[in-house]
Amino acid sequence: MKNRRYNTEKFWDRAAPGYDNAEASDSHKHELVFDTLKKYMLPADKVLDLGCGTGLMASRIAGHVQQVTGIDISSQMIRKAQERALQNSLTNTHFLKADVFDEKLSHHSFECITANYLLHLLPDLQAVLQRADHLLKPGGYFMATTPCMKEKPLLLLTLKGLSKIKLAPDITGFSLPGLKRTLTRANWQMVECLKLSESDPEYLTIMKKIGT
Ligand SMILES: C[S@@+](CC[C@H](N)C(=O)[O-])C[C@H]1O[C@@H](n2cnc3c(N)ncnc32)[C@H](O)[C@@H]1O
């Protein structure tokens, strides 16, 4: 597991310099995700962005809430996120090289947790969701954008092949029903599930934490 984590960090460190260009290539999806996330956020909210990458989404969210903490295991992604915050004179963002189990994050401290293009990359998703549940306040939201690659079996096969030769990260090929089953916990209820485009199997799922 330690080796896999090291490889993952290195992969995303290498991807960081060109990441914004690739990301900006689909501004329609980015806007749709941003507009949907925003609907669930209030000005007093504290938001945690898991796998924040270069902080593109976190920096935009920061204009609408009290505080955004972005965490990522790649130091190069975090460096870019910090540069972006500085360039935009943001004073309510914190970007940390960390994962969701980092002890600096306290229980029940966030109204919203976002995870865009991350869940399919995690080797122990159940443990991450359990931890996210601890970090969320009751009534809070867990919002994730996730590719469901089982809908594109040939592409999934290609990506699996590329990951074997370290040209792509290891991924889980979700189906939409499988993703929904994984996210639905005793105290999480799905409040929205949005397909982001006709051609790509990417979904934004919003889960509400009910009870404690
Ligand atoms: C596909 S990128 C998505 C970045 C950003 N959320 C976005 O939507 O542009 C995935 C990010 O997740 C990070 N990542 C992968 N595994 C992680 C983990 N276990 N904990 C935190 N970040 C992780 C990677 O370093 C990378 O920056």
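Just so we're clear, the structure is a prediction, and the values are computed from it rather than from any experiment. (Residues numbered from 1 in each chain as written. Predicted model: local features only at pLDDT ≥ 70, side-chain atom pairs only at ≥ 80, totals over all residues. Heavy atoms only, no water.)

S.K.: Describe the UniProt feature "domain: Methyltransferase" (unreviewed entry) in the protein chain, listing the residues and the values that go with them.
M.R.: According to UniProt, the feature "domain: Methyltransferase" (unreviewed entry) maps to residues 45-151 in the numbering used here. With 28% helix and 33% strand, the stretch residues 45-151 has end C-alpha atoms that lie 35 Å from each other. (UniProt positions renumbered as here; feature names shortened; annotations may be inferred. Helix = DSSP H or I, 4+ residues; strand = E, 2+ residues; numbered from the N terminus.)

S.K.: How would you sum up helix H5 (residues 125-135)? Please name residues and give values.
M.R.: Within H5, the full set of buried residues consists of Leu125, Val128, Leu129, Arg131, Ala132, Asp133 and Leu135. Looking at the packing, one finds that the buried side of H5 touches strand E1 (46-50), strand E4 (110-116), strand E5 (136-147), helix H7 (176-183), strand E6 (188-195) and strand E7 (202-209). (Buried < 20%, exposed > 50% of the residue type's maximum accessible area, 1.4 Å probe, protein only. Contact = heavy atoms within 4.5 Å.)

S.K.: Run through the site of the ligand, naming residues and quoting values.
M.R.: Around the ligand, the structure places 17 residues, and the nearest of them are Trp12, Tyr19, Gly51, Asp72 and Asn116. Contact between the ligand and Gly51: a nitrogen atom at 2.7 Å from a main-chain N or O atom of the residue. Separating an oxygen atom of the ligand from a side-chain N or O atom of Asp72 is a distance of 2.5 Å. Starting from 590 Å² of accessible surface for the ligand in isolation, the protein chains cover 90%. When its residues are assigned to classes, the shell around the ligand shows 10 nonpolar, 4 polar and 3 charged. (Near = heavy atom within 4 Å. Polar contact = N/O pair within 3.5 Å; in protein donor to acceptor, adjacent residues only side chain to side chain. Areas by Shrake-Rupley, 256 points an atom, 1.4 Å probe, with all protein chains shown as cover. Nonpolar A, V, L, I, M, F, W, Y, C, P; charged D, E, K, R; others polar.)

S.K.: Break down the packing of aromatic side chains for me, citing the residues and quoting the values.
M.R.: All told, the structure shown has 4 aromatic pairs when counted by the stated rule. Geometrically, the ring pair formed by Phe11 and Trp12 is edge-to-face, given 5.0 Å between the ring centres and 85° between the ring planes. Ring pairing ties together the aromatic residues Phe11, Trp12 and Tyr19, which thus form one cluster. Seen from the ring of Phe34, Arg60 lies directly overhead, with NZ or CZ sitting 4.0 Å from the centre. The ring of Trp188 carries the charged tip of Arg185 above its face, separated from the ring centre by 5.5 Å. (Phe/Tyr/Trp six-rings, centres within 6.5 Å; stacked < 30°, edge-to-face > 60°. Lys NZ or Arg CZ within 6 Å of the ring centre and 35° of its normal.)

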